[in-house]
2 protein chains.
Amino acid sequence: MPAQSPPPRTDSRPGGRSARIRAAVHQAVKELLTVEARDALTIPVIAARAGVHATTVYRRWGSVGELLADVATSRFSGDVVVPDTGSLREDLERYAYDLAKDLNDPDTLALVRAIVGTGGENAGVCRMERQRQLEAIIEREQTRGNETPAVERAVDALLAPLYYRAVFTEQPPSPEWARTLVAHLLPG
Amino acid sequence: MPAQSPPPRTDSRPGGRSARIRAAVHQAVKELLTVEARDALTIPVIAARAGVHATTVYRRWGSVGELLADVATSRFSGDVVVPDTGSLREDLERYAYDLAKDLNDPDTLALVRAIVGTGGENAGVCRMERQRQLEAIIEREQTRGNETPAVERAVDALLAPLYYRAVFTEQPPSPEWARTLVAHLLPG
């Protein structure tokens, strides 16, 4: 049985065995998340599926929450291309559209929900990359010398309704609806 | 060991033993949710803490998700009083303020996050009551013969940012900030 409190994590070594373990464990998590009405996602279950020792997983990730956060970091990095059309409105509409499309992917949704379920300190991973991308779009408009809403306001008006629908309702956000959110952020 | 697929649930009988079991199981869930870095919330763990047989829990609730939804339904019913000041703006400001206060309660937050983590089909419970309350506020203003935003728009502008902050960030929504959301929904 794995220890209740995991030993301190060691740094992962690049390539070789370490990389193979990481790939196998990530793959196991993704597969387990696709199982409907799955049992609780625990480290022993994940380790068994990945074909590695549970202690290896405990040592490397410490908890299911941190492991999910690691999977999410790979998943959400560089997956959505930040648009650069020269128009803030157009950029935001395209960005909201693409994000909604991503949140309609059952695998994305299962991962986001599972991370939230681990307690919250890891849930930021799901949206930090999104917030940075939104910030980049807004800063570019400011560089062009134009007024923009504050990033926080854009988060409330765009990211919040997208994630709220994805996580709390049975209807994932439609890409077409997502575009309309921009009109409330940038009226006129 | 409990069966993988639970038997069909029987109707719960009011009062007596049935009510005591429900109270004990609800209490066990609430206690387990307060444990930081808790192990996975599973029916055997919940049943052991409640002092009842796991099969009893499986038979009555079927899954952790449905059990959490039942706990949430009790928790979120009638807990926030819907304001009735005679002014839509004032009602919405008070309502957003009270909701933010509720979402700052670590027990509420832990319950909301845990339900989201069970996969989504149960997460609606967390917000259905809120959406109905928001609808009641808006309908009262319409009864007074005044124009109002659509309920869906109010959900996007008020509930979404509140839940997004609560679930995805480390800073739960402050009640003062929540009031300011109303200005974006009702400008001027």
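Just so it is clear, the model here is predicted, and its values are computed rather than measured.

About the cut-offs
- For every chain, the first residue of the written sequence is number 1, and numbering continues from 1 along that sequence.
- Chain letters and ligand numbers both follow the written order, the letters beginning at A and the numbers at 1.
- With pLDDT at 70 or above as the cut-off, local features in this predicted model cover only qualifying residues; side-chain atom pairs require 80 or more to be listed or tallied, and sums for whole chains, interfaces and linings still use all residues.
- Here the side-chain values reflect all heavy atoms present in the structure, with hydrogen atoms and water set aside.
- Working definition: helices are DSSP H or I runs of at least four residues, strands are E runs of at least two. Numbering for both runs from the N terminus.
- Here the term buried applies to any residue with accessible area under 20% of the maximum for its type, exposed to any over 50%, and partly exposed to those in between, with areas from a 1.4 Å probe on protein chains only.
- The criterion used for residue contact is that any of the two residues' heavy atoms lie within 4.5 Å.
- The Shrake-Rupley method, run with a 1.4 Å probe sphere, supplies the accessible areas, and residue values consider only the shown protein chains as cover.
- To estimate how far a helix should reach, multiply one less than its number of residues by 1.5 Å.
- UniProt positions are given in the numbering used here, feature names are shortened, and annotations may be inferred rather than shown by experiment.
- Think of a salt bridge as a Lys or Arg side-chain nitrogen and an Asp or Glu carboxyl oxygen that are within 4 Å of each other.
- Angles here are taken between N-to-C directions and fall from 0 to 180 degrees, while the axes themselves are lines fitted to C-alpha atoms, restricted in helices to the stretch in contact.
- With the far helix as reference, a near helix turned anticlockwise by less than a right angle produces a left-handed crossing, and one turned clockwise produces a right-handed crossing.
- Gly counts as polar in this scheme, as do all residues outside two lists: the nonpolar Ala, Val, Leu, Ile, Met, Phe, Trp, Tyr, Cys and Pro, and the charged Asp, Glu, Lys and Arg.

Undergrad: Is there a simple way to think about the overall build of chain A in this case?
TA: The helix and strand inventory of chain A stands at 9 helices and 0 strands. Taking all 188 residues of chain A together, the buried fraction comes to 50%. Taking all contacts inside chain A whose residues are at least 6 apart in sequence as the whole, residues at least 24 apart take part in 69%. Here chain A has roughly 9,000 Å² of accessible surface; of this, 50% comes from carbon and sulfur atoms.

Undergrad: What is the right way to read helix H7 (residues 125–143) of chain B from this model?
TA: In an α-helix there are 3.6 residues to a turn, and that puts residues three or four apart on one side. All names here are of chain B. Taking 1.5 Å per residue as the helical rise, H7 with its 19 residues ought to reach 27 Å, and the 27 Å between its terminal C-alpha atoms agrees with that figure. Of all the positions in H7, only Cys126, Arg127, Glu129, Arg130, Gln131, Gln133, Leu134, Ile137, Ile138 and Glu141 are classed as buried. Backbone geometry just after H7 places glycine 145 at a positive phi near 85°.

Undergrad: Honestly, the UniProt feature "DNA-binding region" (unreviewed entry) in chain A in this entry has me stumped. Any pointers?
TA: Mapped onto this structure's residue numbering, the UniProt feature "DNA-binding region" (unreviewed entry) falls at residues 42–61 of chain A. Segment residues 42–61 of chain A splits into 80% helix and 0% strand. End C-alpha atoms: 12 Å apart.

Undergrad: What exactly am I supposed to notice about the pattern of salt bridges here?
TA: Evaluated as defined, the whole model comprises 24 salt bridges over all chains. A salt bridge links Arg165(A) to Glu152(B); its shortest N-O distance comes to 3.2 Å. Here Glu152(B) lies in helix H8 (residues 151–168) and Arg165(A) lies in helix H8 (residues 151–168), a pairing that spans two chains. The class of Arg165(A) is buried, set by a relative accessible area of 14%. Assessed through its relative accessible area of 47%, Glu152(B) is described here as partly exposed. Across the salt bridge formed by Arg144(B) and Glu141(B), the nearest N and O atoms sit 2.6 Å from each other. Given a relative accessible area of 33%, Arg144(B) falls into the partly exposed group. By sharing partners, the salt bridges in this structure join Arg75(A), Asp102(A) and Arg130(A) into a single network.

Undergrad: What am I meant to see in the packing of helix H5 (residues 88–103) of chain B against helix H9 (residues 175–185) of chain B here?
TA: A pair of packed helices is characterised by two quantities: the angle between their axes and the separation of those axes. All names here are of chain B. One way to put it is that H5 packs onto H9 with a least axis distance of 8 Å and a crossing angle of 145°. When the axes of H5 and H9 are compared, the crossing they make is right-handed. Residues Arg89, Leu92, Glu93, Ala96, Tyr97, Ala100 and Lys101 of H5 touch H9, and the partners they reach there are Pro175, Glu176, Ala178, Arg179, Val182, Ala183 and Leu185. Class assignment for the residues of the contact of H5 with H9 results in 9 nonpolar, no polar and 5 charged.

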